[in-house]
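Summary of the model geometry
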Amino acid sequence: MKTLVIGTGGREHALALALSRDPAVTEVHAAPGNPGIASVATLHDVDPMDGAAVADLAMRVDADLVVVGPEAPLVAGVADAVREAGIACFGPSRAAAQLEGSKAFAKEVMAAAEVPTAMAHVCETPEQAAAALDAFGPPYVVKDDALAAGKGVVVTRDRRVAVEHAAACGRVVIEEFLDGPEVSLFAITDGETVLPLQPAQDFKRALDGDEGPNTGGMGAYTPLDWAPDGLVAEVSRRVLVPTVLEMARRGTPFQGLLYAGLALTSRGVRVVEFNARFGDPETQALLALLETPLSALLHGAATGTLADVGLPAWSEEVALSVVMASCNYPDTPRTGDRILGIDAAEAIEGVDVIQAGTALDDEGNLVTAGGRVLAVTATGETLEHARDRAYAGVDAIIIDGAHHRTDIALAAQLGDIEV
Ligand code: AMP
Ligand code: GLY
């Protein structure tokens, strides 16, 4: 099978790496890619937001399967353009990607499908926002309605900060605060069959101890030994399957990866958000443990034959990913800093260094080119083992001004997570 991965991030590097190790895959192409992806795929220069150009490239490389990684091209309809050209594509249509593209739309679908989520008000004016903030009380949760790369959400006890964020966004969703640990549960679906992956946990805040601003994600691990028995079955039954059924009922079937961001609250499971694509960096950890060939799952979803593939199989190990971010991230990141030590990190058993915001400078040196630069991903027999390896990998890498969290999966390792 010839595959083409669209995107430039760590998720796309992890996808391309897994495809390159899949015996059923003969060629991996990627566009636009990054220097890490170039080590496992043939890169092509294409605007990932231009559906016609992506479809044209897919035809030129004779792709059997196109995988659209990030949300922005999905929301722009790039998967539709590829499918219209007669090529199998993993990723939802423009209409179905609205589950991520608009938080208000996602709330409407959840209401129709009776999926448990936070109570919310969609607000268009400062007066409506003020009334909603007072109705829920602190901590305040204010979400930009539109795509914001994980950075459009403010959770704060400071009413003034909440009011300012609402004013800066325009249309916002204001919702009740959900307590309890967060879980990322992904499902691969062809619009009918729903195959959940194993649960993972992501770390959204920039700093240790869940302090600092929200980011796209600073680290992840899987599986979750503290998750309640039956969590996957319950989330399938109450969240994933009803959502997929509701999307089909509306005539906009969801085909691709449905990402349920969940809070395990004192009152039960609640959906925090839906995304319409693989999560980053959860994917780096998940794919490190996936034993089912990735191409079978993605192609099955893209061609409506997922029922023939069956539930994915997992290694017994634990995987953990630590993001190294540029100076200033999640504010405007500094770029052009040299990245040294990837080979030394990858010399550690079980470690893969997944690249996101990287580029080559004029002299051919690897440099930073975005906010999240690397995801140092390790597997191990236990969480402690995987953590030790991942952080040894982080310690081997030198990037001037970079920062990372030192407490990824620490609470789980210490047995400190209470559900
Ligand atoms: P979102 O983009 O909707 O996933 O929000 C980003 C992050 O903000 C989530 O992963 C949570 O950590 C936090 N968050 C979002 N909604 C809520 C909520 N209703 N209650 C508590 N925290 C939330
Ligand atoms: N890790 C969070 C996300 O991909 O949105």
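For the structure itself, look to the data block above.
Residues numbered from 1 in each chain as written. Chains lettered and ligands numbered in written order. Predicted model: local features only at pLDDT ≥ 70, side-chain atom pairs only at ≥ 80, totals over all residues. Heavy atoms only, no water.

1. Regarding the sheet that holds strand β23 (residues 372-380)
Spatially, β12-β15-β18-β23-β20 is the arrangement adopted by the five strands of the open sheet, whose pairing is antiparallel. Looking at strand neighbours, the two that pair on one side only are β12 (201-202) and β20 (351-355), the edges of this open sheet. (Pairing = 2+ DSSP bridges. Helix = DSSP H or I, 4+ residues; strand = E, 2+ residues; numbered from the N terminus.)

2. Details of the sheet that holds strand β16 (residues 256-265)
On the basis of which strands lie adjacent, the open sheet formed by four strands has the order β11-β10-β16-β17 and antiparallel pairing. Each edge of the open sheet is held by one strand with a lone partner, namely β11 (194-196) and β17 (268-275). Taking the axes of each pair of neighbouring strands and ignoring which way they run, one obtains an average angle of 35 degrees across the sheet. Relative to β16, strand β10 (residues 182-189) is paired through eight bridges, and the arrangement is antiparallel. Counted as the bridge partner of isoleucine 188 is leucine 257 from β16. Across the face of the sheet, helix α10 (residues 231-249) comes into contact with β10, β11, β16 and β17 while running at roughly 125 degrees to β16. (Axes fitted to C-alpha atoms, helices over the stretch in contact; angles between N-to-C directions. Contact = heavy atoms within 4.5 Å.)

3. Focus: the environment of alanine 307
Relative to the helices and strands, alanine 307 resides in the loop between α12 (294-303) and β18 (318-325). Other than its neighbours up to four places away in sequence, alanine 307 contacts Asp190 and Thr193.

4. Details of helix α3 (residues 51-60)
Those residues of α3 lying buried are Gly51, Val54, Ala55, Leu57 and Ala58. Considered in projection along α3, the buried side chains sweep an arc of 160 degrees and stay on one side of the axis. Of the exposed residues in α3, those oriented more than 90 degrees away from the buried face are Ala52 and Arg60. Summarising the contacts, the buried residues of α3 are in contact with β1 (2-7), β2 (27-32), β4 (65-68) and α5 (78-84). Regarding α3, its N-cap is aspartate 50, as a side-chain oxygen of that residue lies 3.2 Å from the backbone nitrogen of alanine 52 further along. Following α3 by one or two positions, aspartate 62 adopts a phi angle in the positive range, close to 60 degrees. (Buried < 20%, exposed > 50% of the residue type's maximum accessible area, 1.4 Å probe, protein only. Arc of directions from axis to C-beta. Polar contact = N/O pair within 3.5 Å; in protein donor to acceptor, adjacent residues only side chain to side chain.)

5. What about the site of ligand 1?
Neighbouring residues of ligand 1: 14 residues in total, closest Lys143, Glu175, Leu178, Glu182 and Glu273. Contact between ligand 1 and lysine 204: an oxygen atom at 2.9 Å from a side-chain N or O atom of the residue. Starting from 470 Å² of accessible surface for ligand 1 in isolation, the protein chains cover 93%. When contributions to the shell around ligand 1 are tallied by element, the ones reaching two or more residues are β7 (140-144), β8 (153-156) and β17. Looking at the shell around ligand 1, its residues break down into six nonpolar, one polar and seven charged. (Near = heavy atom within 4 Å. Areas by Shrake-Rupley, 256 points an atom, 1.4 Å probe, with all protein chains shown as cover. Nonpolar A, V, L, I, M, F, W, Y, C, P; charged D, E, K, R; others polar.)

6. Details of the state of the cysteines
With the rule as written, the count across this model stands at zero disulfides. Here cysteine 123 is not cross-linked by a disulfide; its sulfur's nearest cysteine counterpart is in cysteine 169, at 11 Å. (Disulfide = S-S within 2.5 Å.)

7. Some details on the pattern of salt bridges
This model, assessed by the stated rule, comprises 27 salt bridges. Two residues, arginine 160 and glutamate 164, come together in a salt bridge whose shortest N-O distance is 3.4 Å. Placement of the pair is arginine 160 and glutamate 164 together in helix α9 (residues 159-169), with a separation of four residues, close to one helical turn. Residue arginine 160 is classed as exposed on the basis of its relative accessible area of 53%. A relative accessible area of 47% means that glutamate 164 is categorised as partly exposed. Aspartate 400 is paired through a salt bridge with arginine 334; the nearest N and O atoms lie 3.4 Å apart. (Salt bridge = Lys/Arg side-chain N within 4 Å of Asp/Glu carboxyl O.)

8. Some remarks on the site of ligand 2
In the vicinity of ligand 2, the residues found are Asp202, Lys204, Gly216, Tyr259, Asn275, Arg277, Gly279, Asp280, Pro281 and Glu282. Between ligand 2 and the protein, one listed contact pairs a nitrogen atom with a backbone N or O atom of glycine 216 at 3.2 Å. Contact distances for ligand 2 include 3.4 Å between an oxygen atom and a side-chain N or O atom of asparagine 275. Contact with the protein chains hides 93% of the accessible area of ligand 2, taken as 200 Å² for the molecule alone.

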